[in-house]
Amino acid sequence: MENNGDVQMTAENDDQEEEEVTAQSVLLAIEEAWLNEKFAPEILPHRSDLVDCMLQQIMHMEENMKRLDKEDLRLMIHRMELDRIKYVITNYLRARLEKIEKYTIHILSQEATRSSEECYLTVAELQFAKEFLTNIEMLFKTIALQHMPGNFQTFEVDTLTVKPNLQTYVFLRANDRINGIIVPGSMDEEIDLEPGSQHIIQYSAVADLVKSGAVKLI
Amino acid sequence: MDPCEIEFLSEKELVSIIPNFSFDMIHLISGSVGPFRAGLPVKVPIWLAVNLKQQQKCRIINQDWMDADSLNEAKEEEKLSKLFTKMPSNHYMEEAQLLLNVASDDISDADRIKTAIKDIWDIRMSKLRTSIDAFLKSEGLHAKLDHLTAMEINSVRPLLPHALDQMLRIQTGGRATQSHYSGTSQ
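Residues numbered from 1 in each chain as written. Chains lettered and ligands numbered in written order. Predicted model: local features only at pLDDT ≥ 70, side-chain atom pairs only at ≥ 80, totals over all residues. Heavy atoms only, no water.

### Here's the deal with the sheet that holds strand E1 (residues 14-19) of chain B
Residue and element names in this part refer to chain B.
- Strands sit in the order E4-E1-E5 across an open sheet of 3 strands; the sheet is antiparallel. The open sheet has two edge strands with one neighbour each: strand E4 (42-45) and strand E5 (58-60). Ignoring which end each strand starts from, the neighbouring axes of this sheet average 50° apart.
- Pairing between E1 and E5: 3 bridges, direction antiparallel. Within E5, the residue paired with Ile 17 across the bridge is Ile 60.
- Lying on the sheet, helix H2 (residues 46-54) is in contact with E1, E4 and E5; it crosses E4 at an angle near 105°. (Pairing = 2+ DSSP bridges. Helix = DSSP H or I, 4+ residues; strand = E, 2+ residues; numbered from the N terminus. Axes fitted to C-alpha atoms, helices over the stretch in contact; angles between N-to-C directions. Contact = heavy atoms within 4.5 Å.)

This is the structure in structure tokens:
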């Protein structure tokens, strides 16, 4: 199906044709990533590949829209669609920022153990997290710590760490068939997920499946 | 999640409209729509249908399942069944709400459809509350939620997972004290 941001109906070359195939699937993937991020207690591996690709599509579309007549019906329709997509993207990024602000120390310490290929944060997010932590520390020091007696003046990272509750319950729908998930807290009780079936279960039991895309949170 | 976000998701579902204008195919990022031919039905996402309707550029054809008689049948089935029956759409409530709001003049029997959907919703919600109660009392750790729709799941989201979280805390807390207790007494 043809579906990229091309307002003019001509597909100029084959490369573009290929892009057209993926635009829709990228959008679906972003929407899934958005919901997963929204409902997962911990921060998930970043999908900047999807975000960057979609932002490019949006820019491309906006360029094309400039060529349209103000009265053109398409202008309004494309604008509405872009607004919807931008909403999903901003909401996705914001959900991640919220988690970064909440679990800063925890996320940074976890991130330090990951190699650059498997890191969960984008470069910009990592920088944000570090600056956020520095600012918090500065705030603590200027407001309170410096007025304390000497042995209370240290900024104790360990006591300030907030960790996400991975045992929280989540709703999910299975994308693939999955066998033998062990229900946490039970006596070796196992469940199988049929594709398309819906469940509520502890996040920790399915965290890896969320990250691999075998299930999606709903 | 905010109910309007569930509605936002439901607006991606397709609905048939009869445009009163003609236009070539439009290539959206989410897929192509059209071509539009005045007087001929065409499938578009609900967000587009609602917008075109508001500009009086189309009539909305009701979803196949939004028919008072078949909904009433579904209602009877829902009443008789112990389990949740399969709904015609994962967003039946939102779709009905959106379409009936904007296109009640295109949809015959709008009032009866509205009542039937509201009844189905009420039956299912009370079933959901009963089963949640039973689930919590049985101290279950996992539940299958097939055929529950997006809005129904969202309506119990603040309560059910939170209740389970708290139960887990009490249990693990209890276990920790117990082992601590038995540990010190030895």
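### Some points on the interface of chain B and chain A
- At the junction of the two partners, chain B supplies 40 residues and chain A supplies 51 residues.
- Each partner contributes to the roughly 4,100 Å² buried at the junction of chain B and chain A, and carbon and sulfur atoms together form 67% of this total.
- Of all residues in chain B, the largest losses of buried area upon contact with chain A belong to His 27, Ile 29 and Leu 141 of chain B, amounting jointly to 21% of the total for that side.
- Taken together, the connections running from chain B to chain A amount to 3 salt bridges.
- Note that Arg 84 of chain A is salt-bridged to Glu 11 of chain B, the shortest N-O span being 2.7 Å.
- At the level of elements, helix H1 (3-10), strand E2 (26-28), strand E3 (31-33), H2, strand E6 (143-144) and helix H7 (160-185) of chain B are the ones that each hand at least two residues to the side of chain B that touches chain A. (Buried area = accessible area lost by both parts, 1.4 Å probe. Salt bridge = Lys/Arg side-chain N within 4 Å of Asp/Glu carboxyl O.)

### Digging into the domain arrangement of chain A
Residue and element names in this part refer to chain A.
- Its domain assignment divides chain A into domain 1 (14-160) and domain 2 (169-217).
- In this structure, domain 1 and domain 2 have C-alpha centres spaced 26 Å apart.
- Counting residues at the interface gives 10 residues for domain 1 and 8 residues for domain 2.
- Interface of domain 1 and domain 2: buried area, both sides summed, is about 750 Å²; carbon and sulfur atoms make up 59% of it.
- The tally of links between domain 1 and domain 2 comes to 1 salt bridge.
- Residue Lys 211 pairs with Glu 42 through a salt bridge whose shortest N-O separation is 2.9 Å. (Domains from an automatic or database assignment.)

### A few points about the packing of helix H4 (residues 92-103) of chain B against helix H5 (residues 110-137) of chain B
All names here are of chain B.
- At their nearest, the axes of H4 and H5 sit 11 Å apart, and the two run at 155° to each other. Judged by the angle between their axes, H4 and H5 are roughly antiparallel. For H4 against H5, the interelement crossing comes out left-handed. From H4, Tyr 92, Met 93, Ala 96 and Leu 100 reach across to H5, where they touch Ala 110, Ile 113, Lys 114, Ile 117, Ile 120, Trp 121 and Arg 124.
- A per-class count over the contact of H4 with H5 returns 9 nonpolar, no polar and 2 charged. (Parallel < 35°, antiparallel > 145°, perpendicular 65-115°, else oblique. Left-handed = near helix turned anticlockwise from the far one by under 90°. Nonpolar A, V, L, I, M, F, W, Y, C, P; charged D, E, K, R; others polar.)

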